[in-house]
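Observations on chain architecture
Given next are the chains, with one letter for each unit.
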Amino acid sequence: MFKYIFKRVLMLVPVLIGVTFIVFSMLYITPGDPARMVLGEQAPQESVDELRQEMGLNDPFFVQFGRYVYKAVVHGDIGRSYITKRPVVQEIWAAFPVTLKLSAMAMVIAMIVGIPCGIVSAIKQYSLFDNVVTVFAMIGISMPVFWLGILLILLFSVRLGWVPPSGFDSVSTMILPALTLGAQSVAIITRMTRSSMLEVIRQDYIRTVRAKGQRERVVIWKHALGNALIPVVTISGIQFGILLGGAVLTELIFSIPGVGRLMVESIKMRDFPVVQGGVLFIAVAFCVVNLLVDLVYAWLDPRIKAQYVS
């Protein structure tokens with residue numbers, strides 16, 4: 001098992017270097033002089049040239065990239081904001097708990113609703129419940145997040161007045177953003193659970209268990225559910241990673257001060273170090289979540305553990 005963990009951690013290194021290189025390259029070729037942005041448009045050219053030299057902006061591209069990676073890995077330094085002058089790490093860490101809480105709530109909703117609906121749909125295939133769940137799942141997958149968020153605000157905040165339309169400082173303000181962000185994940189997990197469950201309950205060993213006279217409830221919960229949930233664990237982890245990086249629209253619609261909103265505002269103000277650090281931070285979070293999912297997958301599936309038993 002240790003070999004499996006070591007191999008998975010080792011595979012993260014080229015992924016993170018690749019993401020860093022792409023983001024660094026895109027911002028490097030973006031028009032605009034960082035030294036001029038820091039000092040302002042009215043600053044004399046001598047001061048701009050001096051700051052460019054101090055920031056190392058006159059060095060070749062690969063020297064700048066190598067210095068950025070070295071500082072990030074060794075010192076945890078990914079630059080300073082042009083606007084607030086604070087370290088980018090502090091800016092992101094101040095916003096990340098909000099994004100993490102929002103994504104976690106959306107994921108909990110997705111699993112609480114999606115897994116039971118998928119199981120019942122598979123057990124009662126082609127029933128009225130199965131058809132209704134399938135229709136709602138297709139709507140959830142195809143409906144844009146921003147449109148769903150606006151509809152929920154119009155219905156529950158403007159017309160009914162049940163919950164506030166914005167903010168993220170109380171339970172009542174968290175309901176609509178979590179529902180908006182989690183709707184698509186509910187649909188995906190429902191479809192995945194249904195598909196996986198149907199595949200498992202049609203296998204020979206399930207027919208054998210039924211032939212021995214086991215009650216249907218025991219067949220489903222004891223013999224089928226464990227195997228059916230293995231792919232659901234994988235897709236749930238991927239969905240959580242997507243939610244961490246894909247909460248931008250939800251945070252904008254509901255005015256939530258998370259990482260996504262921080263990055264959008266930084267793009268508007270051309271605060272490139274924060275944009276670069278935000279993308280890198282989301283990539284790291286996505287990789288870590290997927291690593292944890294792979295470890296859980298290996299724990300659930302004995303075939304993976306058997307490959308690395310020496």
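Note on numbering: residues in each chain are counted from 1, in written sequence order. Only residues with pLDDT of 70 or above have their local features reported here, since the model is predicted, and side-chain atom pairs are shown and tallied only from 80 upward, although totals for entire chains, interfaces and linings are computed over all residues. Hydrogen atoms and water are omitted, and side-chain values are computed over all heavy atoms in the structure.

Time to look at the overall build of the protein chain. Helical segments are the DSSP runs of H or I of at least four residues, strand segments are the runs of E of at least two, and each set is numbered from the N terminus. Across its full length, the protein chain carries 14 helices and zero strands. In sequence order, the secondary structure elements of the protein chain are arranged as α-α-α-α-α-α-α-α-α-α-α-α-α-α. With respect to the three principal axes, the spread of C-alpha positions in the protein chain is 85 × 65 × 30 Å. Going through the 310 residues of the protein chain one by one, you find that 41% of them count as buried. Should any heavy atoms of two residues lie within 4.5 Å, those residues are counted as being in contact. Excluding contacts between residues fewer than 6 apart, the proportion of contacts in the protein chain whose partners are at least 24 apart in sequence is 70%. Shrake-Rupley sampling with a 1.4 Å probe provides the accessible areas, and residues are treated as covered by the protein chains on show and by no other component. Carbon and sulfur atoms make up 68% of the accessible area of the protein chain, which totals about 17,200 Å². Charge assignment: positive for Lys and Arg, negative for Asp and Glu; neither His nor the chain ends contribute. For charged residues, the charge sits on one atom: NZ in Lys, CZ in Arg, CG in Asp, CD in Glu. Computing the positive centroid from 27 side-chain charges and the negative centroid from 19, the protein chain places the two 16 Å apart. A 1.4 Å probe rolled over the protein chains alone gives each residue an accessible area, and that area as a share of the maximum for its type sets the label: buried under 20%, exposed over 50%, partly exposed in between.

A few words on the pattern of salt bridges. Salt bridges are identified by distance alone: a Lys or Arg side-chain nitrogen within 4 Å of an Asp or Glu carboxyl oxygen. Inspection of the entire model under this criterion finds six salt bridges. A salt bridge links arginine 67 to aspartate 59, with the shortest nitrogen-to-oxygen separation between them at 2.9 Å. Relative accessible area serves as the criterion here: at 27%, arginine 67 is assigned to the partly exposed category. A residue is classified by how much of its surface remains accessible, and aspartate 59, at 27% relative accessible area, is partly exposed. The salt bridge partner of glutamate 265 is arginine 261, with a shortest N-O separation of 3.2 Å. In this pair, glutamate 265 and arginine 261 are both assigned in helix α12 (residues 259-268), four residues apart and thus about one turn of the helix distant.

This paragraph deals with the packing of helix α1 (residues 2-28) against helix α13 (residues 272-300). Whenever a helix is involved, its axis is fitted only over the stretch in contact; in every case the axis is a line through C-alpha atoms, and angles between N-to-C directions fall within 0 to 180 degrees. Packing of α1 against α13 brings their axes to within 10 Å, and their N-to-C directions diverge by 160°. By the angle class used here, α1 and α13 are roughly antiparallel. Read as a crossing pair, α1 and α13 show a hand that is right-handed. Contacts between α1 and α13 involve Tyr4, Ile5, Arg8, Val9, Leu12, Val15, Leu16, Val19, Thr20, Val23, Phe24 and Leu27 on the former and, on the latter, Phe272, Gln276, Val279, Leu280, Ala283, Val284, Cys287, Asn290, Leu291, Asp294, Leu295 and Ala298. Basically, the charged four are Asp, Glu, Lys and Arg, the nonpolar ten are Ala, Val, Leu, Ile, Met, Phe, Trp, Tyr, Cys and Pro, and anything else, Gly included, counts as polar. Class assignment of the residues belonging to the contact of α1 with α13 gives a composition of 19 nonpolar, three polar and two charged. Orientation categories follow fixed angle ranges, with anything under 35 degrees roughly parallel, anything over 145 roughly antiparallel, 65 to 115 roughly perpendicular, and all other angles oblique. Note on convention: the crossing is left-handed when the near helix lies turned anticlockwise from the far helix by less than a right angle, right-handed when the turn is clockwise.

Here we take up the environment of alanine 94. Structurally, the position occupied by alanine 94 is in helix α5 (residues 88-123). Given a relative accessible area of 54%, alanine 94 falls into the exposed group. In this structure the C-alpha to C-alpha distance between alanine 94 and valine 233, which are 139 residues apart in sequence, comes to 30 Å.

Another aspect to go through is the domain arrangement of the protein chain. For the protein chain, the domain assignment lists domain 1 (1-88) and domain 2 (96-307). Taking only C-alpha atoms, the centre of domain 1 and the centre of domain 2 are 33 Å apart. Between domain 1 and domain 2, the residue contacts involve 24 residues of the former and 21 residues of the latter. The junction of domain 1 with domain 2 conceals about 2,100 Å² of combined surface from both sides, 76% of it contributed by carbon and sulfur atoms. Segmentation of the chain into domains, including their bounds, is taken from an automatic or database domain assignment. Buried area is understood as the total, over both parts, of accessible area removed when two parts are fitted together, assessed with a 1.4 Å probe.

Quick look at the packing of aromatic side chains now. The description of an aromatic ring pair uses the distance of the two centres, along with the angle that the planes make with each other. Between 30 and 60 degrees the pair is tilted, below 30 it is stacked and above 60 it is edge-to-face, where a pair is any two Phe, Tyr or Trp rings, Trp via its six-membered ring, whose centres lie within 6.5 Å. One pass over the full model with this rule turns up 13 aromatic pairs. Aromatic pair phenylalanine 21 and phenylalanine 61: ring centres 5.8 Å apart, planes at 80°, arrangement edge-to-face. In this pair, phenylalanine 21 sits in helix α1 while phenylalanine 61 sits in helix α4 (residues 61-75), placing the two residues 40 residues apart along the sequence. Phenylalanine 21 gets classed as partly exposed once you look at its relative accessible area, which sits at 31%. Judged by relative accessible area, which is 16%, phenylalanine 61 ranks as buried. These aromatic residues form a ring-pair network of at least three members: Phe21, Phe24, Tyr28, Phe61, Phe62, Phe65 and Tyr68.

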